[in-house]
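These are the residues of each chain, in order.
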Amino acid sequence: MAFDSFSAFVVMGGHGPYVWTCYGVFFLLVALIAWLSIRDRRQVVRSQQREQAMVSSGQADTARRARAGGGFQRIPTTQNESISKS
Amino acid sequence: MNPARKRKLTIVLFLLAGVAVAVGLTTYAFRQNINLFYDPTQIAEGEAPVNVRIRAGGMVEEGSVKRDPDSLKVQFRVTDYSSSVTVRYEGILPDLFAEGQGVVATGQLNENREFVASEVLAKHDEQYMPPEVSEALERSAARAREEGREMPQY
Amino acid sequence: MWQFFHKLGSPKWFYGIAGRFMPWLLGFGLLLALAGIVWGLAFAPRDYLQGNSYRIIFIHVPTAFLAQSVYMMMAVAGVITLVWKMKLADVFVRAAAPVGAILTVLALFTGAVWGKPTWGTWWIWDARLTSMLILLFLYLGIIGLAHAYSDEKTAARAVAVLAVVGVVNIPIIKYSVEWWNTLHQPATFKLTEKPTMVPEMWVPLLLAVLGTYLLFGWAALYRMQTEVLRRERRTRWVKELIAAGGGSQLKSRGA
């Protein structure tokens, strides 16, 4: 410990206000970076969750029909023939 | 790397080089304005204008500080170890002001080539050390002076 | 090498690998930075000339170093955006710019508060302080430009050009104290020479510098992940990720 007592540590030989202001602002702004980053992440995740919830409830109808019909519908194509012909 | 990318990279590098040259030339042209202060040699050689607000900077000469006992008036010499200039000032000096320490003063050169300062700032170097180390260095420097040998620069 | 480069271009792969690195960066970053700060504040000896006000160095130097390093990383990312059109490079610039701006504000602020008791002034228009202020304006310009265009590709290109061009300011900041007369003293830490400090002072300073670099690494990856999620929200892997874990899992991956 470079100081004799806790009060000497706080006073810092008269430079306390300067030193503690700097450290205070440092931790404040570092916390600000963390808060902004976490807030951004939450916003992105929440808006996406809402959108997905909306889409799935809107599609519930179609989905039910699709399940009843056995999932994907088979669509006949003529791709192979056209490739072999050309 | 494919030719298109190579071409793009060349363009980017040329752009960067162009900006660098432009900025370099500009700062070179304005170098005297970018310099914060004139050093004592420049003042002695007459490079610094008289009766114009300028800054002067250097080291406070050892043993040159004269304080007026009745007021805040103070006079000292600022040196760069080849020339020096006398500075007059009235006001509170910064805590770090001391003989052998750096200062930057704002003010005007009068006709007698004395610098009349309205503000004095302290300039410190990049060395940091505990008080004990500094005292030990001073002791060994004093011993070296007594024995008449050159002290290596720390 | 090229394969790694292409893999890095895959947002999904990046999202996963970033999540694996982040806990380590955050843990070691906090450990080193706090150790350096506590050591510097309470245990390092006081300076023979400045007394205790010099203890501001333990945050001033890390933030000032990092503010410049982040800008250089952004300039490299800018070149990658312009030449190779890699989207992750643009994601990095967007994620890093606000952090860099706050770091520059911190370097300027701590410097001003330190300047008052040592030099006798909060601010002076010397080359070091002025070029650092220009760095702040470059960061603000990049942030503003990134939001000025609605088209992602145009914005990416404009931001990249500014990031690349502005990098000429970095050597000016670094060498300002040698090229011109300044009030600011020359560097204490140099790559090629011994620091002009005793070890009881430079070891905590080094710890604080390394810690803040690691913490920046965490913040950059976390913010890049967010930007990747936003850009890739229409893809299947993001939809599955959000449907499966929701916010909580994403948050725990972040921390």
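Residues numbered from 1 in each chain as written. Chains lettered and ligands numbered in written order. Predicted model: local features only at pLDDT ≥ 70, side-chain atom pairs only at ≥ 80, totals over all residues. Heavy atoms only, no water.

### Some details on the environment of Val91(C)
Residues and elements named next belong to chain C.
- Take Val 91: it is sitting in helix 4 (residues 87–118).
- Counting along the chain gives 78 residues from Val 91 to Asn 169, while the straight-line C-alpha distance between them is 23 Å.
- Excluding residues within four positions of it along the chain, Val 91 makes contact with Met 224, Glu 227, Val 228 and Arg 231. (Helix = DSSP H or I, 4+ residues; strand = E, 2+ residues; numbered from the N terminus. Contact = heavy atoms within 4.5 Å.)

### So, the pattern of salt bridges
- One pass over the full model with this rule turns up 9 salt bridges over all chains.
- Across the pair Asp40(A) and Arg39(A) runs a salt bridge, and its minimum N-O distance is 3.4 Å.
- The partner of Glu152(C) in a salt bridge is Arg231(C), and the shortest N-O contact between them spans 3.7 Å. Note that Glu152(C) is positioned in helix 6 (residues 152–165) and Arg231(C) in helix 8 (residues 199–231), a separation of 79 residues in sequence. (Salt bridge = Lys/Arg side-chain N within 4 Å of Asp/Glu carboxyl O.)

### Digging into the UniProt feature "domain: Cytochrome c assembly protein" (unreviewed entry) in chain C
- The sites that carry the UniProt feature "domain: Cytochrome c assembly protein" (unreviewed entry) are, in the present numbering, residues 26–184 of chain C.
- Measuring from the first to the last C-alpha atom of residues 26–184 of chain C gives 33 Å, for a span that is 79% helix and 0% strand. (UniProt positions renumbered as here; feature names shortened; annotations may be inferred.)

### Considering the packing of helix 3 (residues 57–84) of chain C against helix 6 of chain C
Residue and element names in this part refer to chain C.
- As a packed pair, helix 3 and helix 6 sit with axes 8 Å apart at the nearest point and diverge in direction by 135°. Taken together, helix 3 and helix 6 sit at an angle that is classed as oblique. In terms of crossing hand, the pair formed by helix 3 and helix 6 is left-handed. On helix 6, the residues that touch Tyr 71, Met 74, Ala 75, Gly 78, Val 79, Thr 81 and Leu 82 of helix 3 are Ala 156, Arg 157, Ala 160, Val 161, Leu 162, Ala 163 and Val 164. (Axes fitted to C-alpha atoms, helices over the stretch in contact; angles between N-to-C directions. Parallel < 35°, antiparallel > 145°, perpendicular 65-115°, else oblique. Left-handed = near helix turned anticlockwise from the far one by under 90°.)

### Regarding the side chain of Asp126(C)
- Its location among the elements puts Asp126(C) in the loop between helix 4 and helix 5 (127–148).
- No salt bridge is formed by the buried Asp126(C), whose closest oppositely charged neighbour, Lys123(B), lies at an N-O distance of 6.8 Å.
- Separated by 2.9 Å, the side chain of Asp126(C) and the backbone nitrogen of Leu129(C) make a polar contact.
- Setting aside chain neighbours within four positions, we find Asp126(C) in contact with Leu36(B), Thr182(C), Leu183(C) and His184(C). (Buried < 20%, exposed > 50% of the residue type's maximum accessible area, 1.4 Å probe, protein only. Lys, Arg positive; Asp, Glu negative; His and termini not counted. Polar contact = N/O pair within 3.5 Å; in protein donor to acceptor, adjacent residues only side chain to side chain.)

### Considering the interface of chain B and chain C
- Chain B puts 37 residues into the contact, and the matching count from chain C is 44 residues.
- Carbon and sulfur atoms supply 66% of the area that chain B and chain C bury against each other, a total of about 3,700 Å² over both sides.
- Broken down residue by residue, the surface that chain B buries against chain C is led by His124(B), Glu126(B) and Tyr128(B), which jointly contribute 21%.
- On inspection of chain B and its partner chain C, the count reaches 0 salt bridges.
- Counting across the interface, chain B meets chain C through 12 residue pairs in polar contact (both at pLDDT 80 or more).
- Listing elements by their share of the side of chain B that touches chain C, those giving two or more residues are helix 1 (3–29), helix 2 (31–34), strand 6 (115–123) and helix 4 (131–147) of chain B.
- With 10 residues, the top contributor of residues to the side of chain B that touches chain C is helix 1 of chain B.
- Its residues placed into classes, the side of chain B that touches chain C shows 21 nonpolar, 7 polar and 9 charged. (Buried area = accessible area lost by both parts, 1.4 Å probe. Nonpolar A, V, L, I, M, F, W, Y, C, P; charged D, E, K, R; others polar.)

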